[in-house]
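Below are the chains, spelled out letter by letter.
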Amino acid sequence: MLFKFDLMTPEQGIIDITKEVCQSIKESGVSEGICVIFCPHTTAAITINENADPDVRSDFVFGMNKAFPDDNEFRHSEGNSDAHLKSSSIGASETLIISRGAPLLGRWQGVYFCEFDGPRTRQFFVKVIRS
Amino acid sequence: MLFKFDLMTPEQGIIDITKEVCQSIKESGVSEGICVIFCPHTTAAITINENADPDVRSDFVFGMNKAFPDDNEFRHSEGNSDAHLKSSSIGASETLIISRGAPLLGRWQGVYFCEFDGPRTRQFFVKVIRS
Amino acid sequence: MLFKFDLMTPEQGIIDITKEVCQSIKESGVSEGICVIFCPHTTAAITINENADPDVRSDFVFGMNKAFPDDNEFRHSEGNSDAHLKSSSIGASETLIISRGAPLLGRWQGVYFCEFDGPRTRQFFVKVIRS
């Protein structure tokens, strides 16, 4: 019960992957359990945030750049240390509770893939565990 | 083995929910496994931090406001984009290891519900998994 | 299937623990499942980040100090509130997917123990769950 997805990302931004998560749970046939959404990249991340106003998504990018700005003192030769920091701050995975065959999400919650150093072709995994 | 709790929150602050987590594990009868504590809100979060000095809790609020301040350039009409950023930085869930019928926590660790845009009536879930 | 490890840490820095995680999964005999790596300390954390260029690791320390600097207004008497904030921002645990007897990690990903207030003798736990 492991599912893999590919996606194309913008330079920076967060992409709604709630549908893919719901679909994985449905295909697994699991009605009660947990699921882990995992990002195998070091300049991207998985988060849960508001699914309604698109301004929340652009404010997310803006605020993360303020908290973890690029800096002349960074030494990493690829020049994307700010993206590595954002990735660790947001985290490579999210764990959701599954109840009645669906992710237990709040009314305003969606699951998002966060791109901090794109555009790139990226992947994410959904692992479903029955309990 | 899914438990739901309600709580009233202050404007900003972190509330100790360790007792509710321990109680859920005890009621589940699970002695070895994991548990997921999940927050279904997009301007709140779950974290683990020090359970001793209350100054750590007020410093937490102060430091999060410094790292993710409100900003005139935010466009989200509700005016709480800083709270959405704090929620994603801290994260909507924590996963604990269960050993001998209790959460495997360090001596100084407690589990906290973080409110970034209160006061509100909030909820959180505890899912217990046997292994 | 719970494993415990000790390590000695520097004043600040991130230490590669990928080998210990892989070894735990191998010893458990689990080929498909998840594993939780948990840090029982409130001024340390677990993260996933780049395993190639060591400059990413020093830039990580530098960037976390910029985002969560020490501040004269902090009240906590131990004087390490910045370390508590970093611990909550990065998080006390990581959850990995296990596939074919190994952690499902991207090519450039390693698992790291983050020290924000060392040097100290620290511990971490690896819990393996079959699915």
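With that settled, consider the overall build of chain A. Regarding its fold elements, chain A presents three helices and eight strands. Ordering the α and β elements of chain A from the N terminus gives β-β-α-β-β-α-α-β-β-β-β. Compactness check: chain A gives a C-alpha radius of gyration of 15 Å against a globular reference of 14 Å for 131 residues, within 12% of the reference. The C-alpha extent of chain A, read off along each of the three principal axes, is 50 × 30 × 25 Å. Of the contacts formed within chain A by residues at least 6 apart in sequence, a portion of 84% connects residues at least 24 apart. Carbon and sulfur atoms form 45% of the exposed surface of chain A, whose accessible area is close to 5100 Å².

For the pair chain A and chain C, the relating rotation is 120°, the translation along its axis is 0.0 Å, and the fit reaches an RMSD of 0.0 Å. Given the turn and translation reported, the copies of this chain are related as if by a three-fold rotation axis. Take the interface residues of chain A: only 18% of them recur as interface residues in chain C, which is what a contact between different surfaces looks like.

Here we take up the sheet that holds strand β7 (residues 109–115) of chain A. Sheet strands pair via backbone hydrogen bonds, and the direction of the pair is either parallel or antiparallel. Residue and element names in this part refer to chain A. Strand order in the open sheet formed by three strands is β2-β7-β4, with antiparallel pairing between adjacent strands. Each end of this open sheet is capped by a strand with a single partner; those strands are β2 (13–16) and β4 (44–50). The sheet shows a mean angle of 35° between the axes of neighbouring strands, direction not considered. With seven bridges connecting them, β4 and β7 associate as antiparallel partners. Counterpart to A44 in the pairing with β7 is E115.

Let us now look at the interface of chain C and chain B. In this assembly, 28 residues from chain C lie in contact with 33 residues from chain B. Taken together, both faces of the contact between chain C and chain B bury some 2400 Å²; the carbon and sulfur share is 60%. At the junction of chain C and chain B, the tally comes to two salt bridges. R75 of chain C serves as the salt-bridge partner of D55 of chain B, at 3.8 Å between the closest nitrogen and oxygen. Seen at the junction of chain C and chain B, the total is 13 residue pairs in polar contact (both at pLDDT 80 or more). For the side of chain C that touches chain B, the elements supplying multiple residues, two or more each, are β3 (33–38), α3 (81–90), β5 (93–99) and β8 (121–130) of chain C. Of all the elements, α3 of chain C adds the most residues to the side of chain C that touches chain B, at five residues.

So, about the side chain of Q109 of chain C. Considering the arrangement of structural elements, one finds Q109 of chain C in strand β7 (residues 109–115). In this structure the side chain of Q109 of chain C is engaged in a polar contact, spanning 2.9 Å, whose partner is the backbone oxygen of C39 of chain A. Side-chain polar atoms of Q109 of chain C contact the backbone nitrogen of G106 of chain C, separated by 2.7 Å. Ignoring anything within four residues of it in the chain, the contact list for Q109 of chain C reads F38, C39, P40, H41, T42 and A92 of chain A together with I48, N49 and N51 of chain C.

Before going further, it helps to spend a moment on the nonpolar core. Membership of the largest hydrophobic core comes to 84 residues, with the highest contact counts inside it found for I37 of chain A, I37 of chain B together with I37 of chain C. The residues contacting I37 of chain B, other than those within four sequence positions of it, are I17, V21, I46, A92, S93, E94, L96, V111, F124, F125 and V126 of chain B. Core analysis: the second largest hydrophobic core is formed by 39 residues, L85 of chain A, A45 and Y112 of chain B together with A45 of chain C among them.

Our focus in this paragraph is the packing of helix α2 (residues 54–67) of chain C against α3 of chain C. Residues and elements named next belong to chain C. Two elements in contact, α2 and α3, have axes whose closest approach is 10 Å; the angle formed by their N-to-C orientations is 110°. Classed by the angle they form, the pair α2 and α3 counts as roughly perpendicular. Judged by the sense of rotation from one axis to the other, the crossing of α2 with α3 is right-handed. Every residue of α3 that contacts α2 at F60, M64 and N65 is listed here: K86, S89 and I90. Classifying every residue of the contact of α2 with α3 gives three nonpolar, two polar and one charged.

Applying the stated criterion across every chain yields a total of 15 salt bridges over all chains. D71 of chain B is the partner of K66 of chain A in a salt bridge, and the nearest nitrogen-oxygen pair spans 3.5 Å. On the criterion of chain membership, the pair formed by K66 of chain A in helix α2 (residues 54–67) and D71 of chain B in the loop between α2 (54–67) and α3 (81–90) is interchain, its members lying in two chains. The exposure class assigned to D71 of chain B is buried, which follows from its relative accessible area of 18%.

Before going further, it helps to spend a moment on the confidence of the model for chain A. On average, residues of chain A score 96 in pLDDT, and 100% of them reach the 70 mark or higher. The ipTM value of the predicted complex is 0.97, and its pTM value is 0.97.

As a further point, take the sheet that holds strand β2 (residues 13–16) of chain C. Residues and elements named next belong to chain C. Here we have three strands laid out as an open sheet, ordered β2-β7-β4, and antiparallel in their pairing. Either end of the sheet is taken by a strand with one partner, and the two such strands are β2 and β4 (44–50). Direction aside, neighbouring strands of the sheet carry axes that sit 35° apart on average. Running at roughly 50° to β4, α3 makes contact with β4 and β7 of the sheet.

Procedures and definitions
Residues numbered from 1 in each chain as written. Chains lettered and ligands numbered in written order. Predicted model: local features only at pLDDT ≥ 70, side-chain atom pairs only at ≥ 80, totals over all residues. Heavy atoms only, no water. Helix = DSSP H or I, 4+ residues; strand = E, 2+ residues; numbered from the N terminus. Rg over C-alpha atoms; globule rule 2.2 N^0.38 Å. Contact = heavy atoms within 4.5 Å. Areas by Shrake-Rupley, 256 points an atom, 1.4 Å probe, with all protein chains shown as cover. Least-squares fit on C-alpha atoms with pLDDT ≥ 70 in both. Pairing = 2+ DSSP bridges. Axes fitted to C-alpha atoms, helices over the stretch in contact; angles between N-to-C directions. Buried area = accessible area lost by both parts, 1.4 Å probe. Salt bridge = Lys/Arg side-chain N within 4 Å of Asp/Glu carboxyl O. Polar contact = N/O pair within 3.5 Å; in protein donor to acceptor, adjacent residues only side chain to side chain. Core = buried A, V, L, I, M, F, W, Y, C linked by side-chain atoms within 4.5 Å. Buried < 20%, exposed > 50% of the residue type's maximum accessible area, 1.4 Å probe, protein only. Parallel < 35°, antiparallel > 145°, perpendicular 65-115°, else oblique. Left-handed = near helix turned anticlockwise from the far one by under 90°. Nonpolar A, V, L, I, M, F, W, Y, C, P; charged D, E, K, R; others polar. pLDDT = per-residue confidence, 0-100.

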